[in-house]
Amino acid sequence: MKIAITGATSGIGKEKVKALAPLCEQMFLLVRDEGKAKDLIQSLPSHQEKISVIYCDLSDLSSVANAASTLSHKTDQLDVLINNAGGIFPEKSITTDGHELTFCVNHLGHFLLTYLTLPLLISGNGAKIINVSSEAHKAANINQNDLELKNDFSSFKAYANVKLYNLLFTKSLAEKFSDKKIEAYALHPGVVNTNFGTQSKGIFKFLLFLAKPFMIGPKKGAQTGIYLASAQMHSLSNGGYYKKRKLAKAKKDASSKKLRDLLWQYSIAQIQPFLENK
Ligand SMILES: NC(=O)c1ccc[n+]([C@@H]2O[C@H](COP(=O)([O-])OP(=O)(O)OC[C@H]3O[C@@H](n4cnc5c(N)ncnc54)[C@H](OP(=O)(O)O)[C@@H]3O)[C@@H](O)[C@H]2O)c1
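The structure presented is a predicted model; accordingly, all values stated were derived computationally and were not measured.

**Section: the nonpolar core**
Okay, so step 1: If you look at the biggest cluster of nonpolar residues, it comprises 57 residues, and the most contacted ones within it are L30, L78, L112, L121 and Y165.
Okay, so step 2: Listing elements by their share of this core, those giving two or more residues are β2 (26-31), α3 (61-74), α4 (101-122), β5 (127-132), α5 (155-177), β6 (182-188) and α9 (257-271).
Okay, so step 3: Element by element, the count of residues in this core is highest for α4, at twelve residues.
Okay, so step 4: Those residues in contact with L78 that sit more than four places away from it in its chain are K2, I3, A4, F28, L71, T117, L120, L121 and A127.
Okay, so step 5: Ranked by size, the runner-up nonpolar core spans 31 residues in total, among them A21, L187, V192 and A229.

This is the structure we're talking about:
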């Protein structure tokens, strides 16, 4: 099995790497902190040879395009892409490409990475794309004229919306690529004690502090992702949303064809400059 994963340097992603490395022939860690990734690889002495690090800052679309290009030079085929990285940010911040940071790191960067990685996924005998969403998607409130919330930013609303986008993206992938033997799944990992939200301020920071004692550990939080990556495809539901290794009910908007087409068209338009010669 050949796996590429983002957000491998912390929390849930790090635990997925540890658990999936023994099952892999090759593993690619797409990360913004190569030092952290190298430390992780050193902690896995039996698997060092098969793990490669590729620099990928999801807030910088040129970096994402370069990472996809490097990946395609390292392998001609991929079985699993895990879009795991993500975060919530306390302030509105606009990236060098002109995107709201929450939108770019949690959705658009992964959208571009996935799009550019499709040839590797298509060239195998069936491949999976796993998108790490959240139950926070249930608080989403999408403004169809301002998908990035550039005009009406709030930290939690931006996060809730992008986690709904993860579900819409998953459904779009399932719809568009099942004939290419690619399946897509989304998941909620649980409420997990990781670095998630540690930069937060105000009420969210306080709620996080209160919730800490009740959170599960990252090893447990990684379980649904590990399950989706390693299970037989025929036992999984294409386009499905999973919690605790089982299919779960998502917010009604997650099934809206109108919303998923809107998000797809908007996202394709944003990544155009990075698709030259593709
Ligand atoms: N923790 C929870 O309770 C919870 C609940 C629901 C969903 N989730 C989702 O689970 C996923 C993993 O989160 P976590 O809880 O494991 O949090 P975490 O410990 O903060 O890990 C986040 C990972 O994303 C990476 N990342 C952040 N910004 C990036 C960027 N610009 N470019 C590349 N990588 C970037 C981080 O890299 P660095 O190591 O360099 O910072 C880190 O590896 C996220 O998608 C999150 O939304 C978490």
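**Focus: the packing of α4 against α9**
Okay, so step 1: At their nearest, the axes of α4 and α9 sit 10 Å apart, and the two run at 75° to each other. Taken together, the axis directions place α4 and α9 in an arrangement best described as roughly perpendicular. Contacts from F103, H107, L108, F111, L112 and Y115 in α4 reach L263, W264, Y266, S267, I268, Q270 and I271 in α9.
Okay, so step 2: Grouping the constituent residues of the contact of α4 with α9 by class yields ten nonpolar, three polar and no charged.

**Thoughts on a nonpolar patch on the surface**
Okay, so step 1: Judged by side-chain polarity, I203, F206, L207, F209 and L210 come together as a nonpolar surface patch covering roughly 550 Å² of accessible area.
Okay, so step 2: With respect to the helices and strands, L207 occurs in helix α6 (residues 202-211).

**A look at the layout of surface pockets**
One way to see where empty space is left: roll a probe the size of a water molecule over the atoms.
Okay, so step 1: Empty space within the largest pocket amounts to approximately 1,200 Å³.
Okay, so step 2: Around the largest pocket sit 48 residues that line it, and G86, G87, T194, F196 and G197 are the ones nearest its centre.
Okay, so step 3: Only α1 (11-20), β2, α4, α5 and α6 provide two or more residues apiece to the lining of the largest pocket.
Okay, so step 4: A per-element tally of the lining of the largest pocket places α6 first, with four residues.
Okay, so step 5: Counted by class, the lining of the largest pocket contains 23 nonpolar, 19 polar and six charged residues.
Okay, so step 6: One number sums up the size of the second largest pocket: a volume of about 240 Å³.
Okay, so step 7: Residue lining of the second largest pocket: H188, P189, G190, I216, K220, G221, Q223, T224, K243, K244 and R245, and that is the complete set.
Okay, so step 8: When residues of the lining of the second largest pocket are traced back to their parent elements, those giving at least two are α7 (218-221) and α8 (223-230).

**Overview of the sheet that holds strand β4 (residues 80-83)**
By way of backbone hydrogen bonds, the strands of a sheet pair with one another, either parallel or antiparallel.
Okay, so step 1: Strand order in the open sheet formed by eight strands is β3-β2-β1-β4-β5-β6-β7-β8, with mixed pairing between adjacent strands. Taken across any chain shown, the strands that pair with only one partner, and hence form the sheet edges, are β3 (51-55) and β8 (246-247).
Okay, so step 2: Two strands pair when backbone bridges link them, and β5 and β6 are joined in this way by six bridges, in the parallel orientation. Paired with N131 across the strands is A186, a residue of β6.
Okay, so step 3: Where helix α2 (residues 34-42) meets the sheet, its contacts fall on β2 and β3, and the angle it forms with β3 comes to roughly 175°.

**So, α2**
Okay, so step 1: Those residues of α2 that fall on the buried side of the exposure criterion are A37, L40 and I41. With its buried residues spanning 100° around the axis, α2 presents them on a single face. Turned more than 90 degrees away from the buried face of α2 sit D39 and Q42, all of them exposed.
Okay, so step 2: Taken together, the buried residues of α2 touch α1, β2 and β3.
Okay, so step 3: N-capping of α2 is provided by D33, with a side-chain oxygen placed 3.2 Å from the backbone N of G35.

**Some thoughts on the packing of α1 against α8**
Okay, so step 1: One way to put it is that α1 packs onto α8 with a least axis distance of 9 Å and a crossing angle of 45°. In terms of their interaxial angle, α1 and α8 are classed as oblique. Where α1 crosses over α8, the handedness of that crossing is right-handed. Contacts between α1 and α8 involve E15, K16, A19 and L20 from the first element and G225, I226 and A229 from the second.
Okay, so step 2: In terms of residue class, the contact of α1 with α8 is made up of four nonpolar, one polar and two charged.

Thresholds, definitions, all that
Residues numbered from 1 in each chain as written. Predicted model: local features only at pLDDT ≥ 70, side-chain atom pairs only at ≥ 80, totals over all residues. Heavy atoms only, no water. Core = buried A, V, L, I, M, F, W, Y, C linked by side-chain atoms within 4.5 Å. Buried < 20%, exposed > 50% of the residue type's maximum accessible area, 1.4 Å probe, protein only. Helix = DSSP H or I, 4+ residues; strand = E, 2+ residues; numbered from the N terminus. Contact = heavy atoms within 4.5 Å. Axes fitted to C-alpha atoms, helices over the stretch in contact; angles between N-to-C directions. Parallel < 35°, antiparallel > 145°, perpendicular 65-115°, else oblique. Nonpolar A, V, L, I, M, F, W, Y, C, P; charged D, E, K, R; others polar. Patch = residues over 30% accessible without salt bridge, like charges linked within 9 Å, V, L, I, M, F, W, Y side chains within 5 Å. Areas by Shrake-Rupley, 256 points an atom, 1.4 Å probe, with all protein chains shown as cover. Salt bridge = Lys/Arg side-chain N within 4 Å of Asp/Glu carboxyl O. 1 Å grid on protein atoms, 1.4 Å probe; cavity = no way out; pocket = protein on both sides within 12 Å on 5 of 7 lines; lining within 4 Å. Points joined across faces, edges and corners; volume = space filled by probe spheres on them. Pairing = 2+ DSSP bridges. Arc of directions from axis to C-beta. Polar contact = N/O pair within 3.5 Å; in protein donor to acceptor, adjacent residues only side chain to side chain. Left-handed = near helix turned anticlockwise from the far one by under 90°.

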